[in-house]
Amino acid sequence: QVQLVESGGGLVQAGGSLRLSCAASGRISYTTAMGWFRQAPGKERDFVAGIRLSNGWTNYGDSVKGRFTISRDNGKNTVYLQMNSLQPEDTAVYYCAAGPSLGVLITTPASWGQGTQVTVSS
C-alpha cells in the first residue's frame, strides 16, 4: 500500500493563501499520478487538481483554475497544492490521492490520505 500524509491545512481569511503538502511512502512503484480532492460537510468529494509525476502534466477542477497550482518534488515523493485567493466556498477537508495514471486518478484513486482541514473565513 501507498501511505499518504497531508499537512499544511489551517484557518485563513478570504483572499489569503495556503500551501498543502502530501508525502507518499511505501509501495509507490505503481504510482504515476498524485493529486487532491476536497469535501465540504454534506457535499460530495470533488476533484481539485492532479499531476503526472514523470512530466508534470496537470489537471484542475473548474472551480479552482487560475487560483490553485499543483506541483511535485519527485525526489521527496511529495506533491504540493498552492492555494491563492481563497474564498469561504473553498472551506473543506482536502484529501491527497495517488493512482496508476492521471486519467484514473480523477475518478478512482488507488490510495487516499486522511485529509487536512482548510477553513476560509469571511
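One can find the structure itself at the top, above this paragraph.
Every value quoted in this text rests on a predicted model; they were computed, and no experiment measured them. (Residues numbered from 1 in each chain as written. Predicted model: local features only at pLDDT ≥ 70, side-chain atom pairs only at ≥ 80, totals over all residues. Heavy atoms only, no water.)

What follows covers the layout of surface pockets. Considering only enclosed or pocket space, the largest pocket measures out at about 200 Å³ in volume. R38, K43, D46, S63 and E89 are, among the 16 residues lining the largest pocket, the residues nearest its centre. The set of elements that each furnish at least two residues to the lining of the largest pocket consists of strand 4 (33-39) and strand 5 (46-52). With 3 residues, strand 5 is the single largest residue contributor to the lining of the largest pocket. Each residue belonging to the lining of the largest pocket can be placed in one class, and the counts come to 5 nonpolar, 4 polar and 7 charged. If you go around the second largest pocket, the residues you meet are Q1, V2, R27, Y30, T31, A98, G99, P100, A110 and S111. The class makeup of the residues in the lining of the second largest pocket is 5 nonpolar, 4 polar and 1 charged. (1 Å grid on protein atoms, 1.4 Å probe; cavity = no way out; pocket = protein on both sides within 12 Å on 5 of 7 lines; lining within 4 Å. Points joined across faces, edges and corners; volume = space filled by probe spheres on them. Helix = DSSP H or I, 4+ residues; strand = E, 2+ residues; numbered from the N terminus. Nonpolar A, V, L, I, M, F, W, Y, C, P; charged D, E, K, R; others polar.)

So, on to the nonpolar core. Where a protein is soluble and globular, its nonpolar side chains tend to be buried together. By size, the foremost hydrophobic cluster in this structure holds 27 residues, and its most contacted members are M34, W36, L81, M83 and Y94. Of all the secondary structure elements, the ones that give two or more residues to this core are strand 1 (2-7), strand 3 (18-26), strand 4, strand 5, strand 7 (68-73), strand 8 (78-83), strand 9 (92-99) and strand 11 (116-121). Residues in contact with Y94, not counting those within four places in the same chain, are E6, L20, W36, F37, R38, V48, F68, L81, M83, G115, T116 and V118. Counting 6 residues, the second-largest nonpolar core is a separate cluster that includes A33, F37, F47 and L102. (Core = buried A, V, L, I, M, F, W, Y, C linked by side-chain atoms within 4.5 Å. Buried < 20%, exposed > 50% of the residue type's maximum accessible area, 1.4 Å probe, protein only. Contact = heavy atoms within 4.5 Å.)

Another aspect to go through is the pattern of salt bridges. Scanning the entire structure with this criterion turns up 3 salt bridges. As a salt-bridge pair, K65 and D62 come within 3.2 Å of each other at their nearest N and O atoms. One exposure class covers both K65 and D62, and it is exposed. Two residues, D90 and R67, come together in a salt bridge whose shortest N-O distance is 2.8 Å. With D90 in the loop between strand 8 and strand 9 and R67 in the loop between strand 6 (58-60) and strand 7, the pair connects residues that are 23 residues apart, well separated along the chain. When its relative accessible area of 18% is taken as the criterion, R67 is described as buried. (Salt bridge = Lys/Arg side-chain N within 4 Å of Asp/Glu carboxyl O.)

Put simply, R67 and M83 are 16 residues apart on the chain and 6.2 Å apart in space, counted from C-alpha to C-alpha. R67 has contacts with Q82, M83, N84, S85, L86, Q87 and D90, leaving out every residue within four places of it along the chain.

Turning next to the state of the cysteines. Under the counting rule described, the total for this entry stands at 1 disulfide. Disulfide partner of C22: C96, at an S-S distance of 1.9 Å. Taking the sign of the S-S torsion, about -85° here, the bridge from C22 to C96 comes out left-handed. Placement of C22 in strand 3 and of C96 in strand 9 is noted, with a sequence separation of 74 residues between them. The exposure class of C96 is buried, given its relative accessible area of 0%. (Disulfide = S-S within 2.5 Å.)

Moving on, we get to the pairing of strand 8. For strand 8, the buried fraction is high: 5 of the 6 residues fall into the buried class. Here 6 bridges tie strand 3 to strand 8, and the two strands are oriented antiparallel to one another. Across the sheet, C22 pairs through a bridge with V79, a residue of strand 8. Bridging between strand 7 and strand 8 involves 6 bridges; their strand directions are antiparallel. When the sheet's bridge partners are listed, R72 is paired in strand 8 with V79. The turn joining strand 7 and strand 8, which pair antiparallel and follow one another in sequence, is formed by 4 residues; a positive phi near 50° is taken by N77. (Pairing = 2+ DSSP bridges.)

Geometry only, nothing functional implied.
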